[in-house]
Amino acid sequence: MKKLTLLLFLLTVSVKAQITYERGYFIDENDNKTECLIRNLDWSNSPDKFIYKLNESSNSQQKSISSVKEFRVYDTDQYYIKHLLTQDLKDLENKIIKRIDNYIFLKVLLIGKASLYKYQNEEDYFFYSIEGQAPEYLSHTKYLKEKNKVVETHDYKKKLYEVLLCDNFTMKTFTKLNYRNDALVNLFEKYNKCIDQEFNQIYKKRTKTIYRLKALGGLSTYSKISNNYTYKYEYGLAPSTGLDDYSVTKTSERNVNFEGGSSIAFGVEAEIVLPIQRNKWSVFIAPNYQNISNTKFEEYFTQEDGLIDFSYRSNLSYSFIELPIGLRNYILLNDKLNLFLQVAYVRNFVLSSEYNQELILESTFLQDYNYSILSKENETKKNSSFFIGIGCEYNKKMSLAINYYLSKKHKVNDEFQSDIKGGISLIATYNIL
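This text gives an overview of the structure that appears in the document. Everything quoted here is computed from the prediction, not taken from an experiment.

### Some thoughts on the overall build of the protein chain
Right, so step 1: From N to C terminus, the protein chain includes four helices and 26 strands.
Right, so step 2: Among the 433 residues that make up the protein chain, the fraction classed as buried is 42%.
Right, so step 3: Considering only intrachain contacts with a sequence separation of at least 6, the fraction spanning at least 24 residues in the protein chain is 62%.
Right, so step 4: Accessible surface computed for the protein chain: about 23300 Å², of which carbon and sulfur atoms make up 50%.

This is the structure we're talking about:
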């Protein structure tokens, strides 16, 4: 638990450390433009303030919507203008989220003779303007009726049909128009092209989802494997001892400790780099094959009557698919090198196993000895693990990570549940897609 708390603390610290200041500007109420460094939070909802520095060595300051008409972070889609609402904005439950005569920051999606903007607060509210006029709201009302049915009005389609006049547009162009970023940006881009006007699409500079497929290989090590279970062993003496009616049945509950070792891991990793905080977060799944074999345990027994001396030995070998599903946080060091922290929940699927037990007899009285061992069925069904890790990525192409397993359990069969201690893996990946 302490290790997990430490990882969460490191993730929190890394998030705060990564939020960078990037080149940008703001324009105040007196139309004065200030070049500066803006703390880029890659806002998902429209902000009402921002933090900036005049240069790298200066102290951070804050500007709010009350004193700024416009601000922008260069080479990103973070470009906002101030707008005075002329009508209320409502959510799905018909509650007012922003009232008329309040100022909001509109995100600029496309600038041209016809421009497109968006206000985002859990839901999207789109605005447009023609030839630099004040933005107007493209009304798209959604509200919940009985049985949680969503009812929509499509006033925005009628409005755009009236103002975006182009010979290439038909009624179908607007009747099938969705109230979404891609659809509306595409429409405004086509309109500006249709009337032969220059435009600047800011939306294309947005932080996008990135999909990666990687080849994976590495080494997994462990200090020991243990299994706590109950077993029975039975034996009788050979007739040559004159004690052929002598028999013993023993039950023993033990923590069986096997030798440590290592296994090769190979597989693939699929990663989705999320479109938040400039692609600093990702989720991943990394199925890989491993095999554990030739581990042994021996323990010496002496019975109370002094007649029986023997060792008890178990042999274990099994292969499995490890399936980590995790969260990764990148820490950007420079253009080519990133560090990352990761945490994953792991499911383990045993493919095949071999587990046998035997008594190794050492007493001369037992040369003709027959025996059997009866193992109690293992009732636990845990087949999961957790790991935390740290690694580095070079040129967004190859990476190397070391992972520490907080727990690692495999239900090998009905008789054996392995509890692997000191599990560490060293994993390398290479992007193939």
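### What about helix α4 (residues 181-194)?
Right, so step 1: The end-to-end C-alpha distance of α4 is 20 Å, a good match for the 20 Å that 14 residues give at a rise of 1.5 Å each.
Right, so step 2: Taken as a whole, α4 has its buried residues at N181, L184, V185, L187, F188, E189, Y191 and N192.
Right, so step 3: Where the residues of α4 are buried, they touch β9 (103-111), β10 (114-121), β11 (123-130), α2 (155-163), α3 (171-175) and β15 (200-201).
Right, so step 4: Where α4 ends, the next residue or the one after it, D196, has phi of about 60°, a positive value.

### Quick word on the state of the cysteines
Each disulfide consists of one covalent bond between the sulfur atoms belonging to two cysteines.
Right, so step 1: Applying the stated criterion across every chain, the model contains one disulfide.
Right, so step 2: Disulfide pairing is shown between C166 and C194; the S-S distance is 1.9 Å. On the sign convention where negative means left-handed, the S-S torsion of about 100° between C166 and C194 marks this disulfide as right-handed. Linking C166 in the loop between α2 and α3 with C194 in helix α4, this pair joins segments that are 28 residues apart in sequence.

### Concerning a nonpolar patch on the surface
Right, so step 1: A cluster of nonpolar side chains, Y345, F386, I390, L400, I402, Y404, L406, I424 and L426, forms an exposed patch at the surface whose accessible area comes to about 740 Å².
Right, so step 2: Of the residues examined, I424 reaches a relative accessible area of 33% and is grouped as partly exposed.

### Re the pattern of salt bridges
Right, so step 1: In this structure the tally under the stated criterion is 14 salt bridges.
Right, so step 2: Of the charged contacts, one joins K69 and D31 as a salt bridge, the two residues approaching to 2.5 Å between their closest N and O atoms. One end of the pair, K69, is in strand β5 (residues 68-73); the other, D31, is in the loop between β1 (21-28) and β2 (33-39), with 38 residues separating them in the sequence.
Right, so step 3: Here E189 and K193 are joined by a salt bridge, their closest N and O atoms 3.2 Å apart. Of this pair, E189 and K193 both sit in helix α4, four residues apart, which is roughly one turn of that helix.
Right, so step 4: K193 sits in the exposed class, given a relative accessible area of 52%.
Right, so step 5: Through salt bridges with shared partners, a single ionic network connects R212, K214, E269, E271, R328 and E393.

### Some remarks on the packing of aromatic side chains
Right, so step 1: Taken as a whole, this structure holds 22 aromatic pairs when the rule is applied.
Right, so step 2: Taking 6.4 Å as the distance between ring centres and 40° as the angle between the ring planes, the aromatic pair formed by Y125 and Y137 counts as tilted. On the criterion of sequence distance, the pair formed by Y125 in strand β11 and Y137 in strand β12 (residues 136-137) is long-range, its members being twelve residues apart.
Right, so step 3: Among the residues examined, Y125 registers a relative accessible area of 3% and is labelled buried.
Right, so step 4: An aromatic cluster of at least three residues, connected via ring pairs, comprises F26, W43, F50, Y52, F71, Y80 and F105.
Right, so step 5: The ring of Y25 carries K33 above its face, with NZ or CZ at 4.3 Å from the centroid.
Right, so step 6: Looking at R206, its charged tip hangs above the ring of Y203, at a distance of 3.9 Å from the centre.

What counts as what
- Residues numbered from 1 in each chain as written.
- Predicted model: local features only at pLDDT ≥ 70, side-chain atom pairs only at ≥ 80, totals over all residues.
- Heavy atoms only, no water.
- Helix = DSSP H or I, 4+ residues; strand = E, 2+ residues; numbered from the N terminus.
- Buried < 20%, exposed > 50% of the residue type's maximum accessible area, 1.4 Å probe, protein only.
- Contact = heavy atoms within 4.5 Å.
- Areas by Shrake-Rupley, 256 points an atom, 1.4 Å probe, with all protein chains shown as cover.
- Expected span 1.5 Å × (residues − 1).
- Disulfide = S-S within 2.5 Å.
- Patch = residues over 30% accessible without salt bridge, like charges linked within 9 Å, V, L, I, M, F, W, Y side chains within 5 Å.
- Salt bridge = Lys/Arg side-chain N within 4 Å of Asp/Glu carboxyl O.
- Phe/Tyr/Trp six-rings, centres within 6.5 Å; stacked < 30°, edge-to-face > 60°.
- Lys NZ or Arg CZ within 6 Å of the ring centre and 35° of its normal.

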